[in-house]
Amino acid sequence: MSVSNAPILITGAGQRVGLHCAERLLADGHRLIVTYRHEKPALAALRERGALTLHADFDSEASILAFIEQLQGHTDSLRAIVHNASSWPADEQASDFQQLFTVHMLAPYLINLHCAPLLERSAEADIVHISDDVARKGSAKRPAYCASKAGLDSLTLSFAARFAPTIKVNGIAPALLMFNPEDDTEYRAKALSKSALGFEPGPQVIYQSLRYLLDTPYITGTTLTVNGGRHLK
Ligand SMILES: NC(=O)C1=CN([C@@H]2O[C@H](COP(=O)(O)OP(=O)(O)OC[C@H]3O[C@@H](n4cnc5c(N)ncnc54)[C@H](OP(=O)(O)O)[C@@H]3O)[C@@H](O)[C@H]2O)C=CC1
Ligand SMILES: Nc1nc2c(c(=O)[nH]1)N=C([C@H](O)[C@@H](O)CO)CN2
């Protein structure tokens, strides 16, 4: 028996893009489960609007498996899983390598494998990996971050083939979406100059892409590029 109002899971939804998508999906009428690592003021509002907030730090196989067990205790179905949680070190060190691959690859890999049965109980089912356009060309400054996102793009292809036809698996690969408060004027100008469209789009372009993937039944194994035309410069 398929479940029509199964919840959507978004990881790392305490702030910025994940929070925006959580708010929009609640407004669309979806039931929602979000993960957070550090308590944030915005989480209280999500709870007031009915979202289930689960603490999760995807820093080891054990912690990821513990989250999965926690999740399975709260729901027996899922409409979608959005893998948004991510770390972006300002000054990447070799010591960051393991944690970047854990959050960007091991967490989506284990959650997808263990939670596929929950998705299978939903009439429509989607997995969406939030990647990064930088995987297209590499990153001299953040090679491990970039490689971990490239690996996530590969998981999109593999899980799309593995879970078809019951679960669609797609990705969204943004370039600049939102600056961070510490980004100075020079950095901001340089980042904006890297795209053909030249502006900071904000988190809504990820929600629009996510809505498109959730609503379109004939797309799987696809990663949407949302980069303002960086590849044209
Ligand atoms: N912002 C941008 O311009 C761009 C973003 N992207 C991608 O879009 C997505 C959203 O970006 P953005 O909103 O800026 O992301 P953030 O940098 O704001 O991080 C999102 C969340 O991930 C959580 N997180 C980080 N590490 C872990 C971990 N080990 N376990 C669990 N949660 C963790 C953080 O939790 P906490 O805060 O509690 O530590 C944070 O709230 C990301 O996947 C990002 O890589 C891609 C290109 C550009
Ligand atoms: N987890 C995060 N990943 C990324 C972020 C971020 O703030 N958090 N920011 C970027 C940059 O905007 C980059 O795309 C342009 O300089 C990339 N990934």
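Given the structure is predicted, the values throughout are model-derived calculations rather than measurements.

Some words on the packing of helix H1 (residues 16–27) against helix H7 (residues 204–215)
Thought 1: Direction vectors running N to C along H1 and H7 enclose 50°, while the axes themselves pass 9 Å from each other. The angle between H1 and H7 places the two elements in the oblique class. Considering how the two elements wind past one another, H1 and H7 form a crossing that is right-handed. Two secondary-structure elements touch here, H1 through Val 17, His 20, Cys 21, Arg 24 and Leu 25 and H7 through Gln 204, Ile 206, Tyr 207, Leu 210, Arg 211 and Leu 214.
Thought 2: Tallied by class, the residues present in the contact of H1 with H7 amount to seven nonpolar, two polar and two charged.

Quick notes on the site of ligand 2
Thought 1: Lining the immediate surroundings of ligand 2 are Arg 16, Ser 86, Trp 88, Asp 132, Tyr 145, Ala 175, Leu 176, Asn 180, Tyr 187 and Arg 230.
Thought 2: One of the side-chain N or O atoms of Asp 132 is found 3.3 Å from a nitrogen atom in ligand 2.
Thought 3: In this structure, an oxygen atom belonging to ligand 2 sits 2.5 Å away from a side-chain N or O atom of Tyr 187.
Thought 4: Contact with the protein chains removes 79% of the 410 Å² of surface that ligand 2 exposes when unbound.
Thought 5: When the residues that make up the shell around ligand 2 are grouped by side-chain class, the tally is five nonpolar, two polar and three charged.

Topic: the site of ligand 1
Thought 1: In the vicinity of ligand 1, 24 residues are found, and the nearest of them are Gln 15, His 38, Lys 40, Phe 58 and Leu 177.
Thought 2: The side chain of Ser 86 places a nitrogen or oxygen atom 2.9 Å from an oxygen atom of ligand 1.
Thought 3: If you list the elements that add at least two residues to the shell around ligand 1, you get H1 and helix H5 (143–163).
Thought 4: Its residues assigned to classes, the shell around ligand 1 shows 12 nonpolar, six polar and six charged.

About the criteria used
- Residues numbered from 1 in each chain as written.
- Chains lettered and ligands numbered in written order.
- Predicted model: local features only at pLDDT ≥ 70, side-chain atom pairs only at ≥ 80, totals over all residues.
- Heavy atoms only, no water.
- Axes fitted to C-alpha atoms, helices over the stretch in contact; angles between N-to-C directions.
- Helix = DSSP H or I, 4+ residues; strand = E, 2+ residues; numbered from the N terminus.
- Parallel < 35°, antiparallel > 145°, perpendicular 65-115°, else oblique.
- Left-handed = near helix turned anticlockwise from the far one by under 90°.
- Contact = heavy atoms within 4.5 Å.
- Nonpolar A, V, L, I, M, F, W, Y, C, P; charged D, E, K, R; others polar.
- Near = heavy atom within 4 Å.
- Polar contact = N/O pair within 3.5 Å; in protein donor to acceptor, adjacent residues only side chain to side chain.
- Areas by Shrake-Rupley, 256 points an atom, 1.4 Å probe, with all protein chains shown as cover.

As far as function goes, none of this settles anything; it's purely spatial.
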